[in-house]
Amino acid sequence: MKILVCMKQVPPKDAPLKLNEAGTWIREDVSYEVNEPDAFALEEALRQKEKHSGEVVVITAGPARAQQVLREALAKGADRAIHLEDAAFVGLDAFNTAGAFAAAIKDEQFDLIFTGLQSDDCGFAQTGVILAELLGWPHATIIMQIEKTEGGIKVKRELESGYFQFVEMPLPAVLTIQSGINKLRYATLIGIKQAKNKPLRKVALAELGPAITANSQKIERMYVPQKTKKTEYLEGSSAEIAKKLVEKLKDEIRVL
Amino acid sequence: MSETILVVVEQREGKLNRVSWETLVAGQSLAAEMGWTLEAAVAGNGVSAIAGEVAAKKVSKIHALESPGFSPYTPEGFSAGLKQFISAKQPRLVLMPHTYQVRDFVPKLATAMGRTVISDCIGYRKEGDKLLFTRQMFQGKFAADVSFNCDPPWFVTFQNGAFRGDRVEAGASAAPVESVNVDIPQGTIRNKPQEVFKEAKQAVDLTQAEIIVSVGRGIKEQKHIELAKQLADALGGEIAASRPICDSGWLPMDRQIGSSGQTVAPKLYLALGISGAIQHIVGMKGARSVVAINKDHEAPIFEIADVAVVGNLFDVVPALIEEVKKMKSSA
């Protein structure tokens with residue numbers, strides 16, 4: 001199986017972030033790491049390759065710093081990498097990002113494309129599904145298990161509220177992968193050494209030509225959400241607090 | 001001609017997903033503010049009962065989109081069928097709840113129509129003649145006001161809890177239901193979905209719970225979960241937890257609230273020993289009332305709490321259980 005894994009570099013979850021002067025994005029002088037669900041997507045691709053042989057290719061779009069994500073993926077066992085390198089990729093909407101990926105792989109023939117189910121920065125949860133539509137492939141989202149079958153694959157979709165569903169589908173296909181589908185591996189020293197010699201293709205924005213258009217949605221401004229709630233602090237002994245709280249539950253919150 | 005807002009309500013296995021009421025509230029509110037017409041649609045195979053349920057609300061018309069290709073749900077069937085209807089209808093706005101099902105097909109549908117989706121919104125605002133949709137960025141650390149930079153139809157999905165479903169306005173009289181047969185050509189659907197199933201034996205739908213007692217790391221030991229359960233029982237609510245508690249196996253995964261668990265909007269969310277990491281907050285901030293008990297006065301959960309108790313939960317909770325029981329027995 002030849003598998004492409006789409007990855008994104010994002011600020012860590014607990015990173016203190018500041019807005020840029022225009023108030024349209026964050027200040028980029030922060031640390032970055034791989035988007036968590038994308039790490040699970042990579043791990044799943046590596047596991048599928050170990051089972052069925054084939055090739056794992058990783059792709060990202062972003063400035064020079066984003067190469068770190070690809071290097072780490074190569075060190076973990078990916079075979080080669082594609083870097084759409086331009087700072088402009090950071091501001092693209094999901095449609096343009098998916099379009100850029102589709103254009104960059106037009107001469108390749110993958111059986112599967114994995115993405116994480118969403119990113120920790122924008123949280124669109126759209127890029128993988130749009131990519132499937134652009135390629136004309138079937139897709140399935142929020143995947144917790146993948147099995148190869150005679151005619152294609154059988155995947156386990158996570159639904160809400162503890163429900164699941166198996167879906168059979170032909171290949172090629174796009175899957176968006178849920179965190180926790182597997183247990184992540186660490187890169188080995190040998191892996192890190194080998195990664196240096198693995199191929200990494202850089203693609204400039206200009207090479208993608210008409211695949212990138214004006215964003216069809218625009219962030220007008222970003223801001224720190226206002227605290228809308230007024231918090232009332234209850235004080236006293238435990239018994240007093242309990243009494244006050246029950247009164248509130250009864251008279252104000254009205255659940256008793 | 002007036003512009004139209006189309007709310008696509010969600011049905012699963014022939015039942016209306018309650019979160020659809022929230023989307024309808026968003027539609028009613030937008031329709032009132034913009035002076036636009038509100039219509040609703042439901043897609044499935046035999047949806048007249050659901051259409052009838054929606055028709056009791058304040059909407060101009062319900063479109064019951066019927067096709068065998070809608071059942072069982074597949075992203076290909078829903079995308080193809082809704083594209084047909086929406087392309088012909090040309091509403092200004094198409095609103096849907098940001099459910100797993102909608103996330104699965106709406107980016108495909110919008111792309112197939114050459115449009116975009118502003119996803120997972122928590123509200124909207126009108127600024128001059130511009131309509132902006134607010135969504136969270138960077139795990140809720142920031143909010144962004146986002147505008148459409150393309151022709152309508154504009155697709156928007158709303159986060160669970162963004163609007164108050166219980167505030168949905170009833171109509172003066174039942175709205176007309178129009179049945180539309182949608183043709184989904186053979187070969188459109190390549191996915192073969194099997195039956196939906198529950199993994200955990202007692203899997204619970206916390207999104208439907210009105211009272212949730214939720215525990216975090218502050219509960220310290222597995223044996224203390226019982227204390228929280230007693231409080232939940234006394235209140236007639238469900239027990240839930242933050243991710244670390246479920247990862248430790250102290251409560252099953254289907255009781256987890258947060259970005260990787262369920263998103264809930266109960267009337268009361270009682271947080272015991274929960275610090276309030278953003279991954280947790282995104283799953284419960286839609287609660288109408290948040291009561292937080294935590295001994296750390298700097299815990300971020302207090303930022304979104306209506307009622308805060310800075311104190312030891314092992315002292316407060318037993319007293320609370322007693323007080324609730326006392327109140328209920330005297331009622």
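Report on the accompanying structure. (Residues numbered from 1 in each chain as written. Chains lettered and ligands numbered in written order. Predicted model: local features only at pLDDT ≥ 70, side-chain atom pairs only at ≥ 80, totals over all residues. Heavy atoms only, no water.)

Time to look at the overall build of chain A. Regarding its fold elements, chain A presents 6 helices and 13 strands. Dimensions of chain A, computed from C-alpha atoms along their principal axes, come out at roughly 70 × 50 × 40 Å. Partitioning the intrachain contacts of chain A with sequence separation of at least 6 by distance along the chain shows that 69% fall at a separation of at least 24. Carbon and sulfur atoms provide 51% of the accessible area of chain A, an area that totals close to 11,500 Å². Between the mean site of the 34 positive side-chain charges and the mean site of the 35 negative ones, chain A shows a separation of 3 Å. (Helix = DSSP H or I, 4+ residues; strand = E, 2+ residues; numbered from the N terminus. Contact = heavy atoms within 4.5 Å. Areas by Shrake-Rupley, 256 points an atom, 1.4 Å probe, with all protein chains shown as cover. Lys, Arg positive; Asp, Glu negative; His and termini not counted. Charge placed at Lys NZ, Arg CZ, Asp CG, Glu CD.)

Let us look at the nonpolar core. Burial of nonpolar side chains together is a common tendency in soluble globular proteins. Core analysis: the largest hydrophobic core is formed by 77 residues, its most contacted members being Leu-84 and Ile-113 of chain A together with Leu-24, Leu-30, Val-54, Leu-93 and Phe-133 of chain B. Ranked by residues supplied to this core, first place goes to helix α1 (residues 19-34) of chain B with 7 residues. Among the nonpolar cores identified, the runner-up in size contains 39 residues, and Leu-227, Ala-228, Leu-268 and Ala-319 of chain B belong to it. (Core = buried A, V, L, I, M, F, W, Y, C linked by side-chain atoms within 4.5 Å. Buried < 20%, exposed > 50% of the residue type's maximum accessible area, 1.4 Å probe, protein only.)

Another point: the packing of helix α3 (residues 75-89) of chain B against helix α4 (residues 100-112) of chain B. Residues and elements named next belong to chain B. Between α3 and α4, the least distance of the axes is 9 Å, while the angle of their chain directions is 50°. Here α3 lies oblique to α4, going by the angle between them. As for how α3 packs across α4, the hand of that crossing is right-handed. Contacts between α3 and α4 involve Pro-75, Glu-76, Phe-78, Ser-79, Leu-82, Lys-83 and Ile-86 from the first element and Gln-101, Asp-104, Phe-105, Lys-108, Leu-109 and Ala-112 from the second. Split into classes, the residues belonging to the contact of α3 with α4 amount to 7 nonpolar, 2 polar and 4 charged. (Axes fitted to C-alpha atoms, helices over the stretch in contact; angles between N-to-C directions. Parallel < 35°, antiparallel > 145°, perpendicular 65-115°, else oblique. Left-handed = near helix turned anticlockwise from the far one by under 90°. Nonpolar A, V, L, I, M, F, W, Y, C, P; charged D, E, K, R; others polar.)

Looking now at the packing of aromatic side chains. Counting across every chain of the model gives 13 aromatic pairs over all chains. Ring geometry for Phe-138 of chain B and Phe-142 of chain B: centres 6.1 Å apart, planes at 90°, overall edge-to-face. Residue Phe-142 of chain B is classed as buried on the basis of its relative accessible area, which comes to 3%. One aromatic cluster in this structure is built from Phe-133, Phe-148, Trp-154, Phe-158 and Phe-163 of chain B. Positioned over the ring face of Phe-166 of chain A is Lys-154 of chain A, at 4.8 Å from the centre of the ring. Above the face of the Phe-164 of chain A ring, Lys-156 of chain A is positioned so that its terminal group lies 4.5 Å from the ring centre. (Phe/Tyr/Trp six-rings, centres within 6.5 Å; stacked < 30°, edge-to-face > 60°. Lys NZ or Arg CZ within 6 Å of the ring centre and 35° of its normal.)

Attention shifts here to the interface of chain B and chain A. Each side of the interface is counted separately: chain B has 80 residues, and chain A has 80 residues. Counting across the chain B and chain A interface gives 5 salt bridges. Among the ionic pairs, Asp-145 of chain B bridges to Arg-221 of chain A, the shortest N-O distance being 2.4 Å. On the surface where chain B and chain A come into contact, there are 36 residue pairs in polar contact (both at pLDDT 80 or more). At 8 residues, helix α8 (residues 313-330) of chain B tops the list of elements feeding residues into the side of chain B that touches chain A. When its residues are assigned to classes, the side of chain B that touches chain A shows 39 nonpolar, 16 polar and 25 charged. Here strand β9 (residues 163-170) of chain A pairs with strand β12 (residues 192-198) of chain B via 5 bridges, running antiparallel. (Salt bridge = Lys/Arg side-chain N within 4 Å of Asp/Glu carboxyl O. Polar contact = N/O pair within 3.5 Å; in protein donor to acceptor, adjacent residues only side chain to side chain. Pairing = 2+ DSSP bridges.)

Right, let's talk about helix α6 (residues 238-251) of chain A for a bit. Between its first and last C-alpha atoms α6 of chain A spans 20 Å; for 14 residues at 1.5 Å apiece the expected length is 20 Å, and the two agree. Every buried residue of α6 of chain A is listed here: Ile-241, Ala-242, Leu-245, Val-246, Lys-248 and Leu-249 of chain A. Considered in projection along α6 of chain A, the buried side chains sweep an arc of 160° and stay on one side of the axis. The inward-facing, buried residues of α6 of chain A abut β13 (232-233) of chain A together with α5 (225-235), β15 (268-272), β16 (289-294), β17 (307-310) and α8 of chain B. (Expected span 1.5 Å × (residues − 1). Arc of directions from axis to C-beta.)

Tallying each qualifying case throughout the model produces 33 salt bridges over all chains. Glu-220 of chain A is the partner of Lys-130 of chain B in a salt bridge, and the nearest nitrogen-oxygen pair spans 2.9 Å. Remark: Glu-220 of chain A occurs in strand β12 (residues 217-223) and Lys-130 of chain B occurs in strand β8 (residues 130-137); the pair is interchain, linking two chains. A relative accessible area of 38% means that Lys-130 of chain B is categorised as partly exposed. Take Glu-220 of chain A: its relative accessible area is 22%, and that puts it in the partly exposed class.

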